[in-house]
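# Residue-level structural notes
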2 protein chains.
Amino acid sequence: MSGAQPIHAELIAVIVAVSDGAPRVLTLSDGTALPAGPLESGHRSLQAGLRNWVERQTGHTLGHIEQLYTFADPDRSRAGRSISISYLGLTRETRTKLGGQVSWQDWYRYFPWEDRRAPAILVESTIKPGLTRWVDDAADRQSRAARCFALDGAPWNEDLALSRYELLYEAGLVREAARDGRPVHGDFAPGIAMTADHRRILATAISRLRATIKYRPVVFELLPDQFTLLDLQRCIEALAGHTLHKGNFRRLIEGQTLLEETGTLATGPGRPAKLYRFSAAIRAERA
Amino acid sequence: MSGAQPIHAELIAVIVAVSDGAPRVLTLSDGTALPAGPLESGHRSLQAGLRNWVERQTGHTLGHIEQLYTFADPDRSRAGRSISISYLGLTRETRTKLGGQVSWQDWYRYFPWEDRRAPAILVESTIKPGLTRWVDDAADRQSRAARCFALDGAPWNEDLALSRYELLYEAGLVREAARDGRPVHGDFAPGIAMTADHRRILATAISRLRATIKYRPVVFELLPDQFTLLDLQRCIEALAGHTLHKGNFRRLIEGQTLLEETGTLATGPGRPAKLYRFSAAIRAERA
DNA sequence: ATAAATATACTCAATTCGAGTATAAGGATC
DNA sequence: GATCCTTATACTCGAATTGAGTATATTTAT
């Protein structure tokens, strides 16, 4: 066994905003890569290094960020091994310094099957046939496929975004599987591929975010200072990928101390809605 | 700004078992350190490296492990920077190759305030006074302290184990804070210190595990092949740090497809209980 | 035989949840 | 100005879940 090994650390960022009812992710290279760069000796911490790279590459300044996952590539190249550390950041979309190959992309372009706000026909029509062929190859695959994609009457669980991507990868139904030399079982599922494992990291972010919004008020970072209850609902629906019952959503929110009224009203079509902001206690907790 | 930096990766393991109604963690150095070692070029992956170190240092072979958190030390020493990647593993306690300084330790020795299965007097008597002094120094500390330690009638949330440790560290109420040169605000809270930030990593593991058992059947790895419903309940209570209502617990478990009866009965004082095992579907999912 | 300990089975009210209906208040159209 | 469309806000109601309690059964120990 050889001794301790000098390695190289790569920082990768999933920066999410919600606008026009779509969750968007900040990308490079025309939507095929996430902001990323190596940890440098000038970086005071992993977080600081990540902020620095995102700012250098996209001009975007980050607020609160959260660690996602760390993985190492297999030690194949003698050039030295690399470790990737990924982070999730929530923000509001800005137009600053975009252009070039920097852009905000609707995350459902990469994972069309994850959006079930409209009736979901995609799984039945496109994914199920490929999975069925793959399932036939081994016994224990059946229940996994059913659980991930709600195949045999099982309920859809939005938190399983990562498991679904991993399953499609294993089943050879996404382009990255073919690129990595794995066997293919049919037509690829719709959805755009990304470089390296960036699409897998994005799936990790979606899973994490969907699990988090259920018990922590993180949407706070995604909304403007003032917003209506429907704005808040649409924002959560965009992330979760399914619609909510309006009355029940209001009851849930109003039963908490999350929001306070601003006293002003929003304009637009229909009856004007009260504007809210997040309560002082919630805002303090993030800082 | 200097370029990419060669670094050194350290793998740290929190290995948990439950025996005699206590959650135990596998330690080195008479309970003051967790198993750990550098990633080496012979290691095929981070997981493989971790398994290798735990086996070398403690003789223990691991089952399923899960990543906890990655952090970098500030880049102070010119000797090179180090990144620590921590993992959580669940297992059953074995006596193999213990001795030396390897031992299983009740995790509540490090976090006495986390055990609320018996009436919790510790917070009121010991922690609250120190926190009160610390809170007086700044305004926003009040609500944080109250939320973490259920001070002003707020409910106790067992998932906040990490937040509680971090708060005590900030407030200078654990020994590690004094060791690191931070200001102290009163007597230290009870609980044993560990080397470096190992106690913080252990707190991370507790938080993660407590959050996970609520929606995933992970206890599976902690119990023997056959067990009674009370065994299962006691195991979960040990991890969660509070007791459960027996009837409601039974109802919850029996309403799922988690377990199947073995047909045999346990012996002991009192009426013999049915023995159960985890259902085949659950076991398959872990493999 | 009796006590102590544990297992198992119900009961019951409070709360939460999912889904629906009804009414209010604005702008746009004719 | 009447009508329609759109959105906001407020209730209602039954089903399901939850928290807490009581009652009975079956064993070992004394």
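Note that the coordinates shown come from a computational prediction; the quantities given were computed from them, not determined experimentally.

Rules used throughout
Residues numbered from 1 in each chain as written. Chains lettered and ligands numbered in written order. Predicted model: local features only at pLDDT ≥ 70, side-chain atom pairs only at ≥ 80, totals over all residues. Heavy atoms only, no water. Least-squares fit on C-alpha atoms with pLDDT ≥ 70 in both. Helix = DSSP H or I, 4+ residues; strand = E, 2+ residues; numbered from the N terminus. Expected span 1.5 Å × (residues − 1). Bend = angle between axes of the 7 residues up to and from the residue. Buried < 20%, exposed > 50% of the residue type's maximum accessible area, 1.4 Å probe, protein only. Contact = heavy atoms within 4.5 Å. Near = heavy atom within 4 Å. Polar contact = N/O pair within 3.5 Å; in protein donor to acceptor, adjacent residues only side chain to side chain. Nonpolar A, V, L, I, M, F, W, Y, C, P; charged D, E, K, R; others polar. Domains from an automatic or database assignment. Salt bridge = Lys/Arg side-chain N within 4 Å of Asp/Glu carboxyl O. Buried area = accessible area lost by both parts, 1.4 Å probe. Phe/Tyr/Trp six-rings, centres within 6.5 Å; stacked < 30°, edge-to-face > 60°. Lys NZ or Arg CZ within 6 Å of the ring centre and 35° of its normal. 1 Å grid on protein atoms, 1.4 Å probe; cavity = no way out; pocket = protein on both sides within 12 Å on 5 of 7 lines; lining within 4 Å. Points joined across faces, edges and corners; volume = space filled by probe spheres on them.

## Some points on the relation of the copies chain A and chain B
- Turning chain A through 180° and shifting it by 0.0 Å along the axis lays it on chain B, with an RMSD of 0.0 Å. Here the two chains are linked by the operation of a two-fold rotation axis.

## Overview of helix 2 (residues 122-135) of chain A
Residues and elements named next belong to chain A.
- With 14 residues, helix 2 extends 18 Å between its outermost C-alpha atoms, agreeing within 8% with the 20 Å of an ideal straight helix rising 1.5 Å per residue.
- Within helix 2, the axis deviates most sharply at K128, by approximately 45°, and proline P129 lies no more than four positions further along.
- Turning to helix 2, its buried residues are V123, I127, G130, L131, W134 and V135.
- Looking at the buried side of helix 2, the elements it contacts are helix 3 (141-149) and helix 4 (161-170).

## Thoughts on the protein's contact with DNA strand C
- Around DNA strand C, the surrounding shell holds 15 residues, and the nearest of these are H245 and N248 of chain A together with L230, R250 and R271 of chain B.
- For DNA strand C, the backbone makes up 48% of the atoms found within 4 Å of the protein, where backbone means sugar plus phosphate.
- A distance of 3.0 Å separates a base nitrogen of DNA strand C from a polar side-chain atom of R251 of chain A.
- At a separation of 3.2 Å, a base nitrogen of DNA strand C approaches a polar side-chain atom of R271 of chain A.
- Residues belonging to the surface near DNA strand C are distributed by class as follows: five nonpolar, four polar and six charged.

## Side note on the domain arrangement of chain A
- Per the domain assignment, the segments of chain A are domain 1 (8-107), domain 2 (111-191) and domain 3 (223-286).
- Averaged C-alpha coordinates put domain 1 of chain A and domain 2 of chain A at centres separated by 27 Å.

## Observations concerning the pattern of salt bridges
- In the structure shown here, the tally under the stated rule is 36 salt bridges over all chains.
- Between E124 of chain B and K128 of chain B there is a salt bridge whose closest N-O contact spans 3.8 Å. Of this pair, E124 of chain B and K128 of chain B both sit in helix 2 (residues 122-135), separated by four residues, roughly a single helical turn.
- Given a relative accessible area of 26%, K128 of chain B falls into the partly exposed group.
- Between K214 of chain B and E158 of chain B there is a salt bridge; the shortest N-O distance is 3.6 Å. Residue K214 of chain B is found in the loop between helix 6 (198-212) and helix 7 (229-240), and its partner E158 of chain B is found in the loop between helix 3 (141-149) and helix 4 (161-170); the two are separated by 56 residues along the sequence.
- Among the ionic contacts, a cluster of salt bridges with common partners joins D20, R24 and E93 of chain A.

## Considering the interface of chain A and chain B
- Listed as interface residues are 32 residues of chain A and, on the opposing side, 32 residues of chain B.
- Summing the contributions of chain A and of chain B, the shared interface buries around 2700 Å²; its carbon and sulfur component is 52%.
- Taken together, the links from chain A to chain B amount to zero salt bridges.
- Inspection of the region where chain A meets chain B yields eight residue pairs in polar contact (both at pLDDT 80 or more).
- The set of elements that each furnish at least two residues to the side of chain A that touches chain B consists of strand 1 (6-19), helix 1 (46-58), strand 4 (65-72) and strand 5 (82-90) of chain A.
- When residues of the side of chain A that touches chain B are assigned to their parent elements, the largest contribution, five residues, is made by strand 4 of chain A.
- Looking at side-chain class alone, the side of chain A that touches chain B contains 14 nonpolar, 11 polar and seven charged residues.

## Structural notes on the protein's contact with DNA strand D
- By nearness alone, 16 residues border DNA strand D, and L230, G270 and K274 of chain A together with H245 and R271 of chain B come closest of all.
- For DNA strand D, a base oxygen lies 3.3 Å from a polar atom in the backbone of R271 of chain A.
- Between a base nitrogen of DNA strand D and a side-chain N or O atom of H245 of chain B, the distance comes to 2.8 Å.
- Going through the elements one at a time, helix 8 (246-254) of chain A together with helix 8 (246-254) of chain B are the ones with two or more residues in the surface near DNA strand D.
- Residues of the surface near DNA strand D, tallied by class, amount to five nonpolar, five polar and six charged.

## Things to note about the packing of aromatic side chains
- Enumeration over the complete set of coordinates arrives at 12 aromatic pairs over all chains.
- Ring geometry for F111 of chain A against W113 of chain A: centres 5.8 Å apart, planes inclined by 90°, an arrangement best described as edge-to-face.
- Ring geometry for F227 of chain B and F278 of chain B: centres 5.0 Å apart, planes at 45°, overall tilted. Of this pair, F227 of chain B sits in the loop between helix 6 and helix 7 while F278 of chain B is found in strand 8 (residues 274-278), placing the two residues 51 residues apart along the sequence. In this structure, F227 of chain B and F278 of chain B share a single accessibility class: buried.
- Taken together, the aromatic side chains of F111, W113 and Y165 of chain A make up a single cluster linked through ring pairs.
- Directly above the aromatic system of W156 of chain A lies the positively charged group of R116 of chain A, at a separation of 3.7 Å from the ring centroid.

## Quick look at empty space enclosed by the protein
All names here are of chain A.
- Within this structure, the stated rule accounts for three cavities of 30 Å³ or more.
- Of the pockets and cavities examined, the second largest cavity occupies roughly 60 Å³.
- If you trace the second largest cavity, you find 10 residues lining it, with H64, E66, L88, L90 and V218 closest to the centre.
- Counting only elements with at least two residues in the lining of the second largest cavity, the list comes to strand 4, strand 5 and helix 6 (198-212).
- Considering every element that reaches the lining of the second largest cavity, the biggest residue donor is helix 6, with three residues.
- When the residues that make up the lining of the second largest cavity are grouped by side-chain class, the tally is five nonpolar, two polar and three charged.

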